[in-house]
Amino acid sequence: MKKVTSILAVAVMALGMATFVIENSANEFDFLNDISKALACGDCSAELPPRGGQSGVS
C-alpha cells in the first residue's frame, strides 16, 4: 500500500509541476507578445515630443 501511495504522490507532484511550467511558459509568451506590440510602431508619422521635453510645434 505504501508503494501505491508513493507512486500516486509522485504522479500528482509531476502533474502539478508540469502544469506550473506550462502556465509560466504561456505567461512568458504573452509578455513577449506585449513587448513586441509595444515596440512595433503603430503611428510612426505622429509628432511625438522627445522624452521629458516639449514638442517643437507651438
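Note that this is a predicted model, so its numbers are computed, not measured.

So, how was this worked out
Residues numbered from 1 in each chain as written. Predicted model: local features only at pLDDT ≥ 70, side-chain atom pairs only at ≥ 80, totals over all residues. Heavy atoms only, no water. Helix = DSSP H or I, 4+ residues; strand = E, 2+ residues; numbered from the N terminus. Buried < 20%, exposed > 50% of the residue type's maximum accessible area, 1.4 Å probe, protein only. Areas by Shrake-Rupley, 256 points an atom, 1.4 Å probe, with all protein chains shown as cover. UniProt positions renumbered as here; feature names shortened; annotations may be inferred. Patch = residues over 30% accessible without salt bridge, like charges linked within 9 Å, V, L, I, M, F, W, Y side chains within 5 Å. Salt bridge = Lys/Arg side-chain N within 4 Å of Asp/Glu carboxyl O.

Points about the overall build of the protein
Step number 1: Broken down by element type, the protein carries one helix and zero strands.
Step number 2: Relative to its 58 residues, the protein shows a buried fraction of 0%.
Step number 3: Counting every atom, the protein has about 5600 Å² of accessible surface; 66% of that belongs to carbon and sulfur.

Brief notes about the UniProt feature "signal peptide" (unreviewed entry) in the protein
Step number 1: With numbering aligned to this structure, UniProt lists the feature "signal peptide" (unreviewed entry) at residues 1–23.
Step number 2: Between the end C-alpha atoms of residues 1–23 there is a gap of 33 Å, over a span that is 96% helix and 0% strand.

Let's talk about a nonpolar patch on the surface
Step number 1: There is a patch of nonpolar side chains on the surface, built from Phe-29, Phe-31, Leu-32, Ile-35 and Leu-39 and spanning about 560 Å² of accessible area.
Step number 2: Mapping Ile-35 onto the fold places it in helix 1 (residues 2–39).
Step number 3: Its relative accessible area of 34% is what places Ile-35 among the partly exposed residues.

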